[in-house]
Amino acid sequence: MPRSADLSRSTYETKIDISVNIDGKGVSNIDTGIGFFDHMLTHIAKHGFIDLDVSCEGDLEVDCHHTVEDVGIVLGKALALALGDKIGIKRYGWAVIPMDETLVLCSLDLSGRDVFVYDAKFTVPKLGEFDTEMVEEFFRALSQNCGINLHIKVLAGSNNHHIAEGIFKAFGKALDMACTVDERIEGTLSTKGMLE
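Residues numbered from 1 in each chain as written. Predicted model: local features only at pLDDT ≥ 70, side-chain atom pairs only at ≥ 80, totals over all residues. Heavy atoms only, no water.

*Asks:* Honestly, the sheet that holds strand E5 (residues 92-99) in this entry has me stumped. Any pointers?
*Replies:* Strand-to-strand pairing in sheets goes through backbone hydrogen bonds, with the strands running parallel or antiparallel. Read from one edge to the other, the open sheet built from four strands follows the order E5-E6-E10-E7, with strand pairing classed as mixed. Edge positions in the sheet fall to E5 and strand E7 (116-119), since each of these pairs with one other strand and no more. Shown here is a sheet whose adjacent strand axes are inclined to one another by a mean of 10°, direction ignored. Sheet topology note: the strand E6 (residues 102-109)/strand E10 (residues 149-156) ladder contains seven bridges and is antiparallel. Within E10, the residue paired with valine 104 across the bridge is valine 154. Its contacts with the sheet place helix H3 (residues 134-146) against E7 and E10, and it is angled at close to 165° to E7. (Pairing = 2+ DSSP bridges. Helix = DSSP H or I, 4+ residues; strand = E, 2+ residues; numbered from the N terminus. Axes fitted to C-alpha atoms, helices over the stretch in contact; angles between N-to-C directions. Contact = heavy atoms within 4.5 Å.)

*Asks:* It is not clear to me how the packing of H3 against helix H4 (residues 160-179) should be interpreted in this structure. Could you clarify?
*Replies:* Geometry of a packed helix pair, given as the angle between the helix axes and the separation of the axes. Where H3 meets H4, the closest approach of the two axes is 11 Å, and the angle between their N-to-C directions is 20°. Taken together, H3 and H4 sit at an angle that is classed as roughly parallel. The two elements H3 and H4 meet at a crossing, and its hand is right-handed. On H4, the residues that touch Val135, Phe138, Phe139 and Leu142 of H3 are Ile167, Phe168 and Phe171. Classifying every residue of the contact of H3 with H4 gives seven nonpolar, no polar and no charged. (Parallel < 35°, antiparallel > 145°, perpendicular 65-115°, else oblique. Left-handed = near helix turned anticlockwise from the far one by under 90°. Nonpolar A, V, L, I, M, F, W, Y, C, P; charged D, E, K, R; others polar.)

*Asks:* Explain unusual backbone geometry here, please?
*Replies:* The phi torsion of most residues other than glycine is negative, and most of the peptide bonds are trans. Of note, the phi angle at phenylalanine 49 is positive, near 50°, even though the residue is not glycine. Looking at the secondary structure, you find phenylalanine 49 in the loop between helix H1 (35-48) and strand E4 (51-58). When its relative accessible area of 41% is taken as the criterion, phenylalanine 49 is described as partly exposed. (Buried < 20%, exposed > 50% of the residue type's maximum accessible area, 1.4 Å probe, protein only.)

*Asks:* Just to check I follow, could you spell out the pattern of salt bridges for this structure?
*Replies:* Opposite charge on two side chains permits them to pair, given that their charged atoms come into close proximity. Summed over the entire model, instances satisfying the criterion amount to ten salt bridges. In this structure, lysine 15 engages aspartate 17 in a salt bridge whose closest nitrogen and oxygen atoms are separated by 3.5 Å. The salt bridge involving lysine 169 is made with glutamate 165; its shortest N-O contact spans 3.0 Å. Here the residue lysine 169 and the residue glutamate 165 both occupy positions in helix H4, the gap between them amounting to four residues, near one helical turn. Glutamate 165 matches lysine 169 in its accessibility class, with the two residues each being buried. Via salt bridges that share partners, Asp119, Lys121 and Lys153 belong to a single interconnected network. (Salt bridge = Lys/Arg side-chain N within 4 Å of Asp/Glu carboxyl O.)

*Asks:* Before we go on, may I ask you to explain H4 in this structure?
*Replies:* Taking 1.5 Å per residue, 20 residues should reach 28 Å; H4 reaches 29 Å between its end C-alpha atoms and fits that length. Between the side-chain oxygen at the start of H4 and the backbone nitrogen of histidine 161 there is a gap of 3.0 Å, and the oxygen is on asparagine 159. (Expected span 1.5 Å × (residues − 1). Polar contact = N/O pair within 3.5 Å; in protein donor to acceptor, adjacent residues only side chain to side chain.)

*Asks:* Where do I start with the environment of asparagine 160 in this structure?
*Replies:* Relative to the helices and strands, asparagine 160 is located in helix H4. Taking relative accessible area as the criterion, asparagine 160 reaches 8% and is therefore assigned buried. Residues in contact with asparagine 160, not counting those within four places in the same chain, are Phe122, Thr123, Val124 and Leu127.

*Asks:* Just to check I follow, could you spell out the sheet that holds strand E2 (residues 14-21) for this structure?
*Replies:* Pairing in this open sheet of four strands is mixed, and the strands run E1-E2-E4-E3 from one edge to the other. Each edge of the open sheet is held by one strand with a lone partner, namely strand E1 (4-10) and strand E3 (28-31). The mean angle between the axes of side-by-side strands here comes to 5°, regardless of whether they run parallel or antiparallel. Bridge count between E1 and E2: seven bridges; the pairing is antiparallel. Paired with arginine 9 across the bridge in E2 is isoleucine 16. Lying on the sheet, H1 is in contact with E3 and E4; it crosses E3 at an angle near 155°.

The structure is reproduced here in structure tokens:
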């Protein structure tokens, strides 16, 4: 059965609809009202081989914070729904992605425990209309709401666009690995017998 989910969330700050198919081909249709953020989300889809539709109407007249964080919340919940009981998945995923002069490490565990460790520095406050500090907030929200033990570390880099893009690509690659079903795994890959 396809591992997919559709989820909506509406608050006074954002209205979000997300559709995710973990067993997709990397096709995406993204509209958050923030061009740079849309560009970054397409990297998660493309490099994670996830079909992803995201529609968000947010209070961008305030700033981008609510839109970016809330998309992270809903995407995290949608991924958790699509993963279901996590039977047969490899659980762990990692990637070290070069993006020109930038090198990014992402390692994750779909354990159900949301621990987030982030080590990345930006030298500009914005990329387009996207606040660079929101990279951290997006992945924190996603980690908390999907139950991911997520580590992101920028090993090298000077171009801020490349740093952000490397982070999103590395996450997509690591997620693809962790979500992969391995026929050798009976039940869940845990001595406890469950991942939650």
